[in-house]
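# Commentary on secondary and tertiary structure
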Amino acid sequence: MIEGHGDDLYRYDEGMVRINFSSNVYQHADHTALKEHLASHLDVINNYPEPQARSLEKLIAQKLDISPEGVMVTNGATEAIYLIAKMLHNSSSIIPQPTFSEYADACRANHHLISYENADELTSLPNDRVYWLCNPNNPTGNVMTKGIIEYIVHRSPRYTFVVDQSYEDYTQETLIVPKETQNRHNLLVLHSLSKKYAVPGIRLGYVTSHPDTIHLLRAMSHPWSVNALAIEAGKFLIERAEPAVPDLAAYLEETERLRANLRQIEGIRVFETKTNFMLCEIEPATSTDLKFYLVHEHGILIRDCFNFTGLSDHFFRVATQRPEENDELVAAIRQFIEQQS
């Protein structure tokens, strides 16, 4: 779903959007040091990058205390999704909904039999299955506990579990750590440096799993998928080790404040979340109408969720911004609702 994601800022004229609630990535990270570093290392574009980003993988492995053979760097977590689907082509995939659309798109492209976890479908699927779990889940913000995931992975050795932890740095819930993936052939965990350091324009992700599984995954890749500037940026960010969100606890407290204020608006339903973004439902109008109004009248961009399987055109998603920006969003939505009566 190439054009079905949030953060479609590129669709609008420059300066039209003042506040971007559409992306789940933190919007106010300070990238001054990274920009200065890249500006002083532009010569890396003069030569081909490594066919595979092995130097970055070694650095990640060192920081995570795992074998370099148990980690593979990819062009964002999305490349990892497609490589895994290719590695497991013609499989039966279970994709609980609603969730990130690329799992299903990647599976369809690689001839998977897809189930959206309907009970009747499950009884007819083969015993060998692939489960795709987004955790924290996009767009709901739900988080499966680490204990539950460990239990189902251990209980079902014939199944393969792909756990996408791209938003792991935006929750305080306990999740699987890379070292715990190294002895499990049936568990692959996806991580996103793009989201961790709030640099989505630099496509960087990585997979951790058993070295044998990573070896099979490497065979699916093509050379130079990660460019030289991205590799340089990744090394700098990992060595510097400064989180994009300076105070996660305070940020999540602000998320709860935003959620509480949105819930006070008549006609708006807001679901619980364990991360920085939340799923909402509007009753008196469609989310498309709301999105159009917010952009054109207030310069505010939200994510409409009509293209998520299982959700209607009344659902939308927002990610927490600064307190004053969050207050602007609440006031603008309240104004829109009042105009519907």
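To be clear, the structure that these remarks concern was listed above.
Below: a short report on this structure. Note that the structure is a prediction, hence the values are computed from the model and not measured. (Residues numbered from 1 in each chain as written. Predicted model: local features only at pLDDT ≥ 70, side-chain atom pairs only at ≥ 80, totals over all residues. Heavy atoms only, no water.)

## Details of the overall build of the protein
For clarity, the cut-off: Secondary structure counts use DSSP, requiring at least four H or I residues in a row for a helix and at least two E residues in a row for a strand, with both numbered from the N terminus. Each radius of gyration reported is based on C-alpha atoms, and the globular scaling rule is 2.2 Å times the count of residues to the power 0.38. The buried label goes to any residue with under 20% of its type's maximum accessible area, the exposed label to any with over 50%, and the partly exposed label to all in between, with areas taken from a 1.4 Å probe on protein chains only. Whether two residues are in contact is decided by their heavy atoms: any pair within 4.5 Å suffices. For the charge count, each Lys or Arg is scored as positive and each Asp or Glu as negative, with His and the chain ends excluded. Positions of charges follow a simple convention, taking NZ of Lys, CZ of Arg, CG of Asp or CD of Glu.
Regarding its fold elements, the protein presents 12 helices and 13 strands. Taking 20 Å as the expected radius of gyration for a compact globule of 341 residues, we find that the protein reaches 20 Å, a close match to that expectation. In terms of its C-alpha atoms, the protein occupies a principal-axis envelope of roughly 60 × 60 × 35 Å. Per-residue burial for the protein yields a buried fraction of 55% across its 341 residues. Within the protein, residue pairs in contact and separated by at least 24 positions form 73% of the contacts whose partners lie at least 6 positions apart. One finds the centroid of the 30 positive side-chain charges in the protein at a distance of 5 Å from the centroid of its 46 negative side-chain charges.

## Here's the deal with the packing of helix 10 (residues 248-263) against helix 12 (residues 323-340)
Selection criterion: Lines fitted to C-alpha atoms define the axes here, with helix axes fitted over just the stretch in contact, and angles between the N-to-C directions of these axes take values from 0 to 180 degrees. Roughly parallel means an angle under 35 degrees; roughly antiparallel, over 145; roughly perpendicular, 65 to 115; everything else is oblique. The handedness criterion is simple: a crossing whose near helix is rotated anticlockwise from the far helix by less than a right angle is left-handed, and one whose near helix is rotated clockwise is right-handed. Under the convention adopted here, Pro, Cys and the residues Ala, Val, Leu, Ile, Met, Phe, Trp and Tyr are nonpolar, Asp, Glu, Lys and Arg are charged, and Gly plus all remaining residues are polar.
Running from N to C, helix 10 and helix 12 point in directions that differ by 15 degrees, and their axes come no closer than 10 Å. One way to sum up the angle between helix 10 and helix 12 is to call them roughly parallel. As for how helix 10 packs across helix 12, the hand of that crossing is right-handed. Here E254, R257, L258, N261 and L262 of helix 10 come into contact with helix 12, specifically with P323, N326, D327, L329, V330, I333 and R334. Here the residues of the contact of helix 10 with helix 12 are counted per class, giving six nonpolar, two polar and four charged.

## Topic: the pairing of strand 10 (residues 277-282)
So the rule is basically this: Pairing between strands is defined by DSSP: at least two bridges between them are needed.
Taken across its six residues, strand 10 has six buried, putting it largely inside the fold. Along strand 10, one buried face is formed by F277, L279 and E281 and the opposite face, lined by M278, C280 and I282, is buried too. Across three bridges, the pairing between strand 9 (residues 268-270) and strand 10 is antiparallel. Opposite V270, over in strand 10, you have C280 as the bridge partner. Here strand 9 hands over to strand 10 after six residues, the two strands then running antiparallel side by side.

## Description of the sheet that holds strand 5 (residues 129-134)
Within the open sheet, the seven strands sit side by side as 2-8-7-6-5-3-4. Their pairing is mixed. Only two strands of the sheet have a single partner each, and these edge strands are strand 2 (71-74) and strand 4 (113-115). Along the sheet, successive strands turn relative to each other by an average axial angle of 20 degrees, direction set aside. Alignment of strand 3 (residues 92-94) against strand 4, held across three bridges, turns out to be parallel. Residue pairing across strands places I94 opposite S115, the latter belonging to strand 4.

## Comments concerning the pairing of strand 8 (residues 205-208)
Regular strands have side chains that alternate between both faces of the sheet. Both faces of strand 8 are covered, namely the face carrying G205 and V207 and the face carrying Y206 and T208. Two elements, strand 2 and strand 8, share four bridges in a ladder whose sense is antiparallel. Looking at strand 8, one finds that M72 is bridged to V207. Here strand 7 (residues 187-192) pairs with strand 8 via four bridges, running antiparallel. Residue V189 lies in a different strand from strand 8, and its bridge partner there is T208.

## Quick word on the side chain of N135
Let me state the cut-off plainly: A 3.5 Å cut-off defines polar contacts: any pair of N or O atoms within that distance qualifies, except that in protein one atom must be a possible hydrogen donor and the other a possible acceptor, and neighbouring residues in sequence count only when both atoms are side-chain atoms.
Structurally, N135 can be placed in the loop between strand 5 and helix 6 (146-155). The buried category is assigned to N135, whose relative accessible area is 1%. Here M144 takes part through its backbone nitrogen, which lies 2.5 Å from a polar atom of the side chain of N135. Setting aside chain neighbours within four positions, we find N135 in contact with N142, V143, M144, I149, V163, D164, Q165 and L175.

## Describing the nonpolar core
Applied cut-off: The definition of a nonpolar core used throughout is a set of buried Ala, Val, Leu, Ile, Met, Phe, Trp, Tyr and Cys residues joined through side-chain atoms within 4.5 Å.
Counting 24 residues, the largest nonpolar core has L262, L294, I302, F316, V318, L329 and I333 as the members making the most contacts within it. When residues no more than four places from it in sequence are discounted, the contact partners of L329 are F21, L258, L294, I300, I302 and V318.

## Comments concerning the side chain of R259
Considering the arrangement of structural elements, one finds R259 in helix 10. Setting aside anything within four residues of it in sequence, one finds R259 in contact with V270, F271, E272, T273 and M278.

## Describing the pattern of salt bridges
For the record, the criterion: Salt bridges, as used here, are contacts in which a Lys or Arg side-chain nitrogen is within 4 Å of a carboxyl oxygen on Asp or Glu.
Using the criterion set out here, one finds 16 salt bridges in the structure. When the shortest N-O distance is used, the salt bridge between D169 and K196 registers 3.1 Å. Highlighted residues: D169 in the loop between strand 6 (160-164) and strand 7 and K196 in helix 7 (residues 193-196), separated in sequence by 27 residues. With relative accessibility at 27%, the residue D169 sits in the partly exposed group. One connected set of salt bridges, linked through shared partners, spans R54, E57, E69 and R218.

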